[in-house]
Amino acid sequence: MPLPGFGGWHDDPLWASFYDWSVEHARVGGALWRLGIGSDLGLLYEAAEEIGRQPPASRVLDVPCGGGVALRGLRPDQHLTYVAADIAREMLERTMDAARERGVDGQVEVRVADVGALPFPDGDFDLVVSFTGLHCFPDPQLAVTEMVRVLRPGGVLTGSAVLNDTGIRFEPMRRVGRAANLLGPSCTGPELRSWLEGLGVTDLTLRNSGAICYFRGVRG
Ligand SMILES: C[S@@+](CC[C@H](N)C(=O)[O-])C[C@H]1O[C@@H](n2cnc3c(N)ncnc32)[C@H](O)[C@@H]1O
């Protein structure tokens, strides 16, 4: 039974805007991240920088894009195709607003998409980014399989998620998130590693920072 009062992604809830605000304000937001989830916000910035290293004409998929926090990695003159995908249309509108504010909207396309059945052909992207998403999905293994499928061989998958083994002290947070229907089953680090390795992903790194695990790998 979902807890009342939280609001789902389609409600464009206030706390989702607060989350985006925290990411955009390195000092205050960084302190809140450290206090609340024991995590270094700087690692999210570093991971998003991978977008800025893509050469012109690259194709990047951001799923789930949410309010567009990963756009911070995209430069105005980069000449990429940046596909921002999310199941909630309300989040795509927020991503497009963020893209306009950053002056990168000419490179951004939005798509309503379920990560469990991505509407893109195999090998369509050079980079797939997925920040704080995996723990929201009903079937994280299927999500990972889809994200790797749409990546070209040699392409990079990078992302972050609240995993089930990133600290017992975060268990109450995970339980409340599930009761509110905002978190799915998630997975452990070893599970994520074995799924990715099984899909032929190499050069895999998993790094925990408080409640969040950052992962990165290359499609073989
Ligand atoms: C915590 S937000 C993360 C968004 C963003 N990457 C960030 O770091 O702020 C989770 C997002 O997952 C989206 N979402 C949930 N289930 C989804 C699914 N099955 N397919 C695609 N997006 C989904 C929600 O709409 C929401 O925008």
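Residues numbered from 1 in each chain as written. Predicted model: local features only at pLDDT ≥ 70, side-chain atom pairs only at ≥ 80, totals over all residues.

Here we take up the overall build of the protein chain. Secondary structure assignment for the protein chain yields seven helices and seven strands. Helices and strands in the protein chain line up, N terminus first, as α-α-α-β-β-α-β-β-α-β-α-α-β-β. For a compact globule of 220 residues, the expected C-alpha radius of gyration is about 17 Å, and the protein chain comes in at 16 Å, within 12% of that figure. Projected onto its principal axes, the C-alpha positions of the protein chain cover 45 × 40 × 30 Å. Counting across all 220 residues of the protein chain, residues that qualify as buried make up 38%. The contacts of the protein chain with a sequence gap of at least 6 include a subset with a gap of at least 24, amounting to 66%. (Helix = DSSP H or I, 4+ residues; strand = E, 2+ residues; numbered from the N terminus. Rg over C-alpha atoms; globule rule 2.2 N^0.38 Å. Buried ≥ 20, exposed ≤ 12 C-beta atoms within 10 Å, placed from the backbone. Contact = placed C-beta atoms within 7 Å.)

Before going further, it helps to examine the site of the ligand. Taken together, 19 residues are adjacent to the ligand, and Trp 9, Pro 64, Gly 66, Ala 88 and Phe 131 come closest. Looking at the shell around the ligand residue by residue, the class counts come to 12 nonpolar, five polar and two charged. (Near = placed C-beta within 6 Å. Nonpolar A, V, L, I, M, F, W, Y, C, P; charged D, E, K, R; others polar.)

Another aspect to go through is the environment of Leu 182. Within the fold, Leu 182 resides in the loop between helix H6 (171-179) and helix H7 (189-198). In this structure, the C-alpha to C-alpha distance between Leu 182 and Pro 138, residues 44 residues apart in sequence, is 9.9 Å.

Turning next to the nonpolar core. Grouped together as the largest cluster of nonpolar side chains are 59 residues, with contacts concentrated most on Val 60, Leu 61, Val 63, Ala 70, Ala 84, Val 128 and Met 147. When residues no more than four places from it in sequence are discounted, the contact partners of Val 63 are Ala 85, Ala 113, Val 115, Val 128, Ser 130, Gly 133 and Met 147. (Core = buried A, V, L, I, M, F, W, Y, C linked by C-beta atoms within 7 Å.)

Across the sheet, which stays open at both edges, the seven strands sit in the order S3-S2-S1-S4-S5-S7-S6 with mixed pairing between neighbours. This sheet does not close on itself; its edge strands, each paired only once, are strand S3 (108-112) and strand S6 (201-209). The mean angle between the axes of side-by-side strands here comes to 15 degrees, regardless of whether they run parallel or antiparallel. The sheet contact formed by strand S2 (residues 81-86) and S3 spans five bridges and is parallel. Among the inter-strand pairings, Tyr 82 is bridged to a residue of S3, identified as Val 108. Of the strands in this sheet, S6 and strand S7 (212-219) touch H7, which is tilted by about 165 degrees from S6. (Pairing = 2+ DSSP bridges. Axes fitted to C-alpha atoms, helices over the stretch in contact; angles between N-to-C directions.)

Let us look at the pairing of strand S1 (residues 59-62). In this sheet, S2 lies alongside S1 in parallel orientation, the contact comprising four bridges. Residue pairing across strands places Arg 59 opposite Thr 81, the latter belonging to S2. Of the pairings in the sheet, the one linking S1 to strand S4 (residues 125-130) comprises three bridges and is parallel in character. Along S4, the bridge assignment pairs Asp 62 with Val 129.

Our focus in this paragraph is the confidence of the model for the protein chain. With 97% of its residues at a pLDDT of at least 70, the protein chain reaches an overall mean of 94. Throughout residues 1-5 the model reports pLDDT below 50, and contacts reaching past four residues in sequence, or to other chains, amount to five contacts. (pLDDT = per-residue confidence, 0-100.)

Looking now at the packing of helix H1 (residues 14-24) against helix H2 (residues 26-37). At a minimum axis distance of 6 Å, the contact between H1 and H2 shows a crossing angle of 115 degrees. The angle between the axes of H1 and H2 places the two elements in the roughly perpendicular class. Facing H1, whose interface residues are Ser 22, Val 23 and Glu 24, H2 presents Gly 29, Leu 32 and Trp 33. Taken together, the residues of the contact of H1 with H2 break down into three nonpolar, two polar and one charged. (Parallel < 35°, antiparallel > 145°, perpendicular 65-115°, else oblique.)

Here the focus is helix H5 (residues 140-149). Along H5, the residues classified as buried are Pro 140, Ala 143, Val 144, Glu 146, Met 147 and Val 148. Its buried side turned inward, H5 meets S4, strand S5 (151-162), H7, S6 and S7.

Between Val 63 and the following residue, Pro 64, the backbone shows a cis peptide bond with an omega angle of 0 degrees. Even without being glycine, Ala 57 reaches a positive phi, approximately 75 degrees. When you line up the elements, Ala 57 lands in the loop between helix H3 (41-52) and S1. Located in the positive-phi region is His 79, a residue other than glycine, with phi close to 60 degrees.

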